[in-house]
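Survey of secondary and tertiary structure
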Amino acid sequence: MKSEKGGGSRRDAVRPRREGDLDACVRVLAAVHESDGYPVNWPDRPGEWLCRPALLTAWVAELDGRLVGHIGLSRSEPDDLAAGLWCAREGVSGEVTAVVSRLFVAPEARGHGIGALLMARAVQEAERRGLHSVLDVVATDTAAAALYERLGWELLATVEQEWSSDQTVSVRCYAAGRAPSGAR
């Protein structure tokens, strides 16, 4: 996709993540962590953190040929709060949900709609698979929550989640605005 901004030409692309992208993804994630505190707890192995076991697929975003963003789509697992809330409300099993996760955009690349492009790609893939997209975000990440709400995601609940014996975090759980056909 080509975009025009400020009179100059730039090139944006969202493409499937490749194995060789992980080092660049970790560098961008480190910049996001330094700037915004995401993820809240820096993982011991950030490359593995981006490749969670339930991962279905992941994408990266490029701006002017530089990797500047990431998003993943995973199968829901029994402890996924947003999936559990949406499924209980809809009266369906967790097998019809997909979790959007590991979304981040480099601080210097914000304001170009990259987060929205990545979200659209993940939701499109979930729908292609007949799955309904859900996600959660720490309640203090108001910029991410604002993006999700601007994109039409529905706040299901804000809940307390115990991340460890000494860390409880308030998490906002969201579901995509509409279910794909066959998910109900």
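Note that the structure is a prediction, hence the values are computed from the model and not measured.

Next up on the list: helix 4 (residues 114-128). With 15 residues, helix 4 extends 21 Å between its outermost C-alpha atoms, agreeing within 8% with the 21 Å of an ideal straight helix rising 1.5 Å per residue. Once helix 4 finishes, Gly130 follows within two positions and takes phi at roughly 75°, a positive value.

Summed over the entire model, instances satisfying the criterion amount to three aromatic pairs. For the ring pair Tyr148 and Trp153, a centre distance of 6.3 Å and an interplane angle of 50° mean the geometry is tilted. Judged by its relative accessible area of 7%, Tyr148 falls in the buried class. A relative accessible area of 8% means that Trp153 is categorised as buried. Plain terms: the ring middles of Tyr148 and Tyr174 are 5.7 Å apart, the flat faces sit at 65° to each other, and that makes the pair edge-to-face. In this pair, Tyr148 sits in helix 5 (residues 142-150) while Tyr174 sits in strand 8 (residues 167-175), placing the two residues 26 residues apart along the sequence. Tyr174 matches Tyr148 in its accessibility class, with the two residues each being buried. Across from the ring centre of Trp49, 3.8 Å away, lies the NZ or CZ of Arg102, which sits over that ring.

Buried residues dominate strand 4 (residues 66-75), accounting for eight of its ten residues. Bridge count between strand 3 (residues 55-63) and strand 4: eight bridges; the pairing is antiparallel. Following the sheet pairing, Trp59 is matched in strand 4 by Ile71. Counting the residues between successive antiparallel strands, the hairpin from strand 3 to strand 4 contains two residues, one of them, Asp64, with a positive phi of roughly 50°. As paired strands, strand 4 and strand 5 (residues 97-105) are joined by six bridges and run antiparallel to one another. Within strand 5, the position partnered with Leu73 by the bridge is Val100.

Considering the arrangement of structural elements, one finds Thr97 in strand 5. Within the structure, Thr97 has its side chain in polar contact with the side chain of Ser76 (distance 2.7 Å). A distance of 2.9 Å separates a polar atom in the side chain of Thr97 from the backbone oxygen of Gly94. The contact partners of Thr97, leaving out residues within four places of it in the chain, are Ser76, Ala83, Trp86, Cys87, Leu131, His132 and Val134.

For the rest of this paragraph, the subject is the pattern of salt bridges. Summed over the entire model, instances satisfying the criterion amount to twelve salt bridges. Salt-bridge contacts for Arg52 lead to Glu77; the nearest nitrogen and oxygen are separated by 3.1 Å. Note that Arg52 is positioned in the loop between helix 2 (46-49) and strand 3 and Glu77 in the loop between strand 4 and helix 3 (81-90), a separation of 25 residues in sequence. Note that Asp80 is salt-bridged to Arg52, the shortest N-O span being 3.7 Å. Remark: Arg52 occurs in the loop between helix 2 and strand 3 and Asp80 occurs in the loop between strand 4 and helix 3; sequence separation between them is 28 residues. With respect to class, Asp80 is no different from Arg52; both count as buried. Bridged by salt links that share partners, the residues Arg15, Asp21 and Glu62 form one connected network.

Conventions we followed
- Residues numbered from 1 in each chain as written.
- Predicted model: local features only at pLDDT ≥ 70, side-chain atom pairs only at ≥ 80, totals over all residues.
- Heavy atoms only, no water.
- Helix = DSSP H or I, 4+ residues; strand = E, 2+ residues; numbered from the N terminus.
- Expected span 1.5 Å × (residues − 1).
- Phe/Tyr/Trp six-rings, centres within 6.5 Å; stacked < 30°, edge-to-face > 60°.
- Buried < 20%, exposed > 50% of the residue type's maximum accessible area, 1.4 Å probe, protein only.
- Lys NZ or Arg CZ within 6 Å of the ring centre and 35° of its normal.
- Pairing = 2+ DSSP bridges.
- Polar contact = N/O pair within 3.5 Å; in protein donor to acceptor, adjacent residues only side chain to side chain.
- Contact = heavy atoms within 4.5 Å.
- Salt bridge = Lys/Arg side-chain N within 4 Å of Asp/Glu carboxyl O.

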